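So the chains spell out like this:
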Amino acid sequence: MKTVPFRPLALGVAVLAVTVLLFGRARAGDQDYYPPVTDKLTLQECGSCHIAFPPSMLPAASWKRMMGELANHFGDDASVDADTAAAITRYLTGQAGDASGRPGKLLRGLRAGDAPLRITELPKWVHEHDEVPKADWTRKDVGSKANCGACHLDAQQGYFEDD
């Protein structure tokens, strides 16, 4: 009877477990996954100041409103030329949370026709973050509710898991 070497077998199982944890913790289709921005122009313009928020996090009406008010974008002037604004608006509205005709998961609780500008004010977002202590939002490394990457390490890739 031939014996199976235990050490290589245990090492193989450990490597497999780590791989599953790293690559399987959040994936497309997961309830905490929002497809990230893939449009280069949108990434360049929006991502130069903050995370380029996944378009599916807001309805199309919100993106239209936001792109129409870039001269006062949350207190900053984020104006771009008309062609750039039109191209980014087309991309964002085409990928919006309601683009398929059905509201996306983060838009639950939002009334039809609403066009909120802040993801952090969506009913579902508020519900998902109600257990976060108020003091955490003002910590130096967090700064604001819009700094998703402070807590969601893979936010740039569209993963917003809460564990």
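Residues numbered from 1 in each chain as written. Predicted model: local features only at pLDDT ≥ 70, side-chain atom pairs only at ≥ 80, totals over all residues. Heavy atoms only, no water.

Visitor: Is there a simple way to explain the overall build of the protein in this structure?
Guide: When its secondary structure is counted, the protein shows six helices and zero strands. By residue count, 32% of the 163 residues in the protein fall in the buried class. Carbon and sulfur atoms make up 57% of the accessible area of the protein, which amounts to about 11000 Å² in all. (Helix = DSSP H or I, 4+ residues; strand = E, 2+ residues; numbered from the N terminus. Buried < 20%, exposed > 50% of the residue type's maximum accessible area, 1.4 Å probe, protein only. Areas by Shrake-Rupley, 256 points an atom, 1.4 Å probe, with all protein chains shown as cover.)

Visitor: Help me understand the packing of aromatic side chains in this model?
Guide: The geometry of an aromatic ring pair is captured by two quantities: the separation of the ring centres and the angle between the planes. For the coordinates displayed, the defined rule picks out three aromatic pairs. A cation sits over an aromatic face here: lysine 105 above tyrosine 34, 4.6 Å from the ring centre. (Phe/Tyr/Trp six-rings, centres within 6.5 Å; stacked < 30°, edge-to-face > 60°. Lys NZ or Arg CZ within 6 Å of the ring centre and 35° of its normal.)

Visitor: Would you mind going over the confidence of the model for the protein with me for this structure?
Guide: Caution applies to low-pLDDT regions: their predicted coordinates should not be interpreted in detail. Looking at the protein as a whole, the pLDDT averages 85, with 81% of positions reaching at least 70. Least confident of the elements in the protein is helix 1 (residues 6–24), whose mean pLDDT is 52; most confident is helix 4 (residues 82–94), at 97. The model gives residues 17–29 a pLDDT under 50, and that stretch makes ten contacts with residues more than four places away or in other chains. (pLDDT = per-residue confidence, 0-100. Contact = heavy atoms within 4.5 Å.)

Visitor: Can you walk me through the nonpolar core in this structure?
Guide: Nonpolar side chains in soluble globular proteins generally cluster together in the buried interior. Ranked by internal contacts, the top residues of the largest apolar core, which has 29 residues, are Trp63, Leu106, Ile119, Leu122 and Phe160. Looking at this core, the elements with two or more residues in it are helix 3 (60–68) and helix 4. Residues within four places of leucine 122 in sequence aside, it is in contact with Met57, Leu58, Leu106, Leu107, Leu110 and Pro116. (Core = buried A, V, L, I, M, F, W, Y, C linked by side-chain atoms within 4.5 Å.)

Visitor: Whenever I open this one, the layout of surface pockets confuses me. Can you help?
Guide: If you add up the space inside the second largest pocket, you get close to 160 Å³. The wall of the second largest pocket is formed by Gly94, Gln95, Ala96, Gly97, Ala99, Ser100, Arg102, Pro103, Gly104, Lys105 and Arg108. A class-by-class count of the residues in the lining of the second largest pocket yields three nonpolar, five polar and three charged. (1 Å grid on protein atoms, 1.4 Å probe; cavity = no way out; pocket = protein on both sides within 12 Å on 5 of 7 lines; lining within 4 Å. Points joined across faces, edges and corners; volume = space filled by probe spheres on them. Nonpolar A, V, L, I, M, F, W, Y, C, P; charged D, E, K, R; others polar.)

Visitor: Hey, could you run me through the pattern of salt bridges in this one?
Guide: Oppositely charged side chains can pair when the atoms bearing their charge come close. One pass over the full model with this rule turns up six salt bridges. With a shortest N-O distance of 3.6 Å, arginine 111 and aspartate 114 are connected by a salt bridge. As a salt-bridge pair, glutamate 128 and lysine 124 come within 3.0 Å of each other at their nearest N and O atoms. Of the two residues, glutamate 128 and lysine 124 both sit in helix 5 (residues 123–128), four residues apart, roughly one turn of that helix. Look at glutamate 128 and you get partly exposed, because its relative accessible area is 28%. (Salt bridge = Lys/Arg side-chain N within 4 Å of Asp/Glu carboxyl O.)

Visitor: Is there a simple way to think about helix 3 in this case?
Guide: Think of an α-helix as turning once every 3.6 residues; residues three or four places apart then point the same way. Ala60, Ser62, Trp63, Met66 and Met67 are the residues of helix 3 that are buried. Down the axis, helix 3 shows its buried residues gathered within 160 degrees of arc, on one side only. Facing away from the buried side of helix 3 by more than 90 degrees, the exposed set consists of Lys64 and Gly68. (Arc of directions from axis to C-beta.)

Visitor: Any chance you could explain the packing of helix 3 against helix 4 here in plain terms?
Guide: Any two packed helices are characterised by the angle at which their axes cross and by the distance between the axes. Across the interface, helix 3 lies against helix 4 with an axial gap of 9 Å and an inter-helix angle of 165 degrees. Here helix 3 lies roughly antiparallel to helix 4, going by the angle between them. The way helix 3 lies across helix 4 gives a crossing that is right-handed. Counting all contacts with helix 3, which are made through Ala60, Trp63, Lys64 and Met67, the residues of helix 4 involved are Ala85, Ile88, Thr89, Leu92 and Thr93. (Axes fitted to C-alpha atoms, helices over the stretch in contact; angles between N-to-C directions. Parallel < 35°, antiparallel > 145°, perpendicular 65-115°, else oblique. Left-handed = near helix turned anticlockwise from the far one by under 90°.)

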